[in-house]
Amino acid sequence: MTINELGIVLVTGVLQGSVYALVALGIVLVYRASGVFNFAQAEFGTTGLFAAFVAVEMWGWSYGWGVLFGLLAAVAMGLLTERLVIHPLRNASKVTLLVGTAGVALTAVGIQFWQNNEVPIRQMPKIVEGVAATPFGAAVTYQQLITFGVLCAVAVALAVFFRSPSGLAIQAAQQESTAAELVGISVRRVSMMTWGIAALLGGLAGVLAGPNTTFTAGFLTFGAGRALLPGLMAAVLAGMRSMPGAVIGGLVVGVVEQLGTLSALEQVHGAKALVLFVFLLAVLLLRPQGLFVRRAAT
């Protein structure tokens, strides 16, 4: 193990963790609003990626308009999920809501397989081609730098948003919905806004991660992107409550995962997943409330 090897782990982990952080932000936002783990969060991203690909590669739209179309498709899926699944089940148990979001994800994956049987593997072009730098010997592409930059911009935008009237309304409805209704805050509108923002975050993760590799149905859930489980882990590190914690947690999960690529573990099959699960287990045993909150989410 050398300094260069550790440097590669850090650089690669932070860049990969940027995608995990975007997914984790959406998971935390929905959990704070509805108290449910959103298993459809990654599929918001995959749906947005497929929509962007169709617009750019099949319809001939410009890249910018194609990405915008993909993000709008993700947001539309999020809003439909809230209206057709979450709202009707609002008085159901949390387990029922969780299963409902899992059903949304599986439905989306099934539709993706159905619509892409002839060409199951796709390749989304990068926003900017080429390698930007090689710190410690790790090739950092412009696409990865753009992803990290978008994460930073999103983090700042969310911090500003949650200090605005709309953001304060979301927090009020999350903390005490009855009192919020009494002061004129529409909990139904707040729920729609929350799911729309979460779906937008998922869409960003999809359209930014997609160009890094080929993609298929379920890309961010269990495909080459595989960001759902790391995103959930990052959200757990954030205590399912802290938005800044979700960003930091995503980056931490990315770095910890890359520790499995060290030469000392090259003989261990599935070392990346093993290191990640051992780390999560240690956190849950030593600090079950997460690393960035004082009390555990209930």
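As shown above, the structure is provided for reference.
Cut-off values and rules
Residues numbered from 1 in each chain as written. Predicted model: local features only at pLDDT ≥ 70, side-chain atom pairs only at ≥ 80, totals over all residues. Heavy atoms only, no water. Helix = DSSP H or I, 4+ residues; strand = E, 2+ residues; numbered from the N terminus. Buried < 20%, exposed > 50% of the residue type's maximum accessible area, 1.4 Å probe, protein only. Core = buried A, V, L, I, M, F, W, Y, C linked by side-chain atoms within 4.5 Å. Contact = heavy atoms within 4.5 Å. Phe/Tyr/Trp six-rings, centres within 6.5 Å; stacked < 30°, edge-to-face > 60°. Lys NZ or Arg CZ within 6 Å of the ring centre and 35° of its normal. Patch = residues over 30% accessible without salt bridge, like charges linked within 9 Å, V, L, I, M, F, W, Y side chains within 5 Å. Areas by Shrake-Rupley, 256 points an atom, 1.4 Å probe, with all protein chains shown as cover. Salt bridge = Lys/Arg side-chain N within 4 Å of Asp/Glu carboxyl O. Expected span 1.5 Å × (residues − 1). Axes fitted to C-alpha atoms, helices over the stretch in contact; angles between N-to-C directions. Parallel < 35°, antiparallel > 145°, perpendicular 65-115°, else oblique. Left-handed = near helix turned anticlockwise from the far one by under 90°. Nonpolar A, V, L, I, M, F, W, Y, C, P; charged D, E, K, R; others polar.

Undergrad: I would appreciate a short explanation of the overall build of the chain in the present structure.
TA: Broken down by element type, the chain carries 11 helices and two strands. Counted from the first residue to the last, the chain has its helices and strands arranged as α-α-α-α-β-β-α-α-α-α-α-α-α. Projecting the C-alpha coordinates of the chain onto the three principal axes gives extents of approximately 60 × 50 × 35 Å. Each of the 298 residues in the chain was classed as buried or not, and the buried ones make up 47%.

Undergrad: Explain unusual backbone geometry here, please?
TA: Generally, phi is negative for residues other than glycine and the peptide bonds are trans, each holding for most cases. Here the phi dihedral of F136 falls at roughly 60 degrees; this positive angle occurs in a residue that is not glycine. Turning to its location among the elements, F136 is positioned in the loop between strand 1 (131-133) and strand 2 (140-141). On the accessibility criterion, F136 (41% relative accessible area) is partly exposed. If you check the backbone angles, R226 has positive phi at about 40 degrees while not being a glycine.

Undergrad: When you look at the nonpolar core in this model, what are you seeing that I'm missing?
TA: Where a protein is soluble and globular, its nonpolar side chains tend to be buried together. By size, the foremost hydrophobic cluster in this structure holds 72 residues, and its most contacted members are L22, L25 and L158. Sort the elements by how many residues they give to this core and helix 1 (residues 3-34) lands first, with 12 residues. Setting aside residues no more than four positions away along its own chain, L22 makes contact with L151, V154, L201, L204, A205 and L208.

Undergrad: Sorry, what's going on with the packing of aromatic side chains here?
TA: Any pair of aromatic rings gets described here by the distance separating the centres and the angle formed by the planes. Inspection of every chain in the model, using the stated rule, returns nine aromatic pairs. Summarising the aromatic geometry, the rings of F161 and F162 are spaced 5.3 Å apart at their centres and angled 75 degrees between planes, so their arrangement reads as edge-to-face. Overall, the relative accessible area of 11% leaves F162 in the buried class. Pairwise contacts between aromatic rings join F50, F53, F215 and F219 into one cluster. Sitting above the plane of the F162 ring, R32 keeps its charged end 5.8 Å from the centroid.

Undergrad: How should I be thinking about a nonpolar patch on the surface in this particular structure?
TA: There is a patch of nonpolar side chains on the surface, built from M58, W59, W61, W65, L68 and L72 and spanning about 710 Å² of accessible area. By the secondary structure assignment, W61 is in the loop between helix 2 (41-58) and helix 3 (63-86). Since its relative accessible area comes to 38%, W61 is described here as partly exposed.

Undergrad: Can you help me understand the pattern of salt bridges in this one?
TA: Oppositely charged side chains may form a pair once their charged atoms are brought near each other. For the structure shown, the criterion picks out one salt bridge. Between R83 and E82 there is a salt bridge, and its shortest N-O distance comes to 2.6 Å. On the basis of relative accessibility, which here comes to 2%, the residue E82 falls in the buried class.

Undergrad: Hey, could you run me through the environment of L49 in this one?
TA: Secondary-structure assignment places L49 in helix 2. In sequence terms L49 and P211 are 162 residues apart; their C-alpha atoms lie 9.2 Å from each other. The contacts of L49, once residues within four sequence positions are left out, are M124, G206, V207, G210, F215 and F219.

Undergrad: Would you take a moment to explain helix 8 (residues 187-209) for this structure?
TA: Residues lying three or four places apart along an α-helix face the same way, a consequence of the helix completing one turn every 3.6 residues. Between the first and last C-alpha of helix 8 there are 33 Å, a value that for 23 residues agrees with the 33 Å anticipated at 1.5 Å per step. When you tally the buried positions in helix 8, you get 17 out of 23 residues, the bulk of the element.

Undergrad: Where do I start with the packing of helix 1 against helix 9 (residues 228-237) in this structure?
TA: For any two helices packed against each other, one specifies the crossing angle of their axes together with the interaxial distance. Helix 9 packs onto helix 1 with a crossing angle of 60 degrees between their chain directions and a minimal axis gap of 8 Å. Taken together, helix 1 and helix 9 sit at an angle that is classed as oblique. Between helix 1 and helix 9 lies a crossing whose hand is right-handed. Judged by residue contacts, Y20, V23, A24, I27 and V28 of helix 1 engage L228, P230, G231, L232, A234 and A235 from helix 9. The class makeup of the residues in the contact of helix 1 with helix 9 is 10 nonpolar, one polar and no charged.

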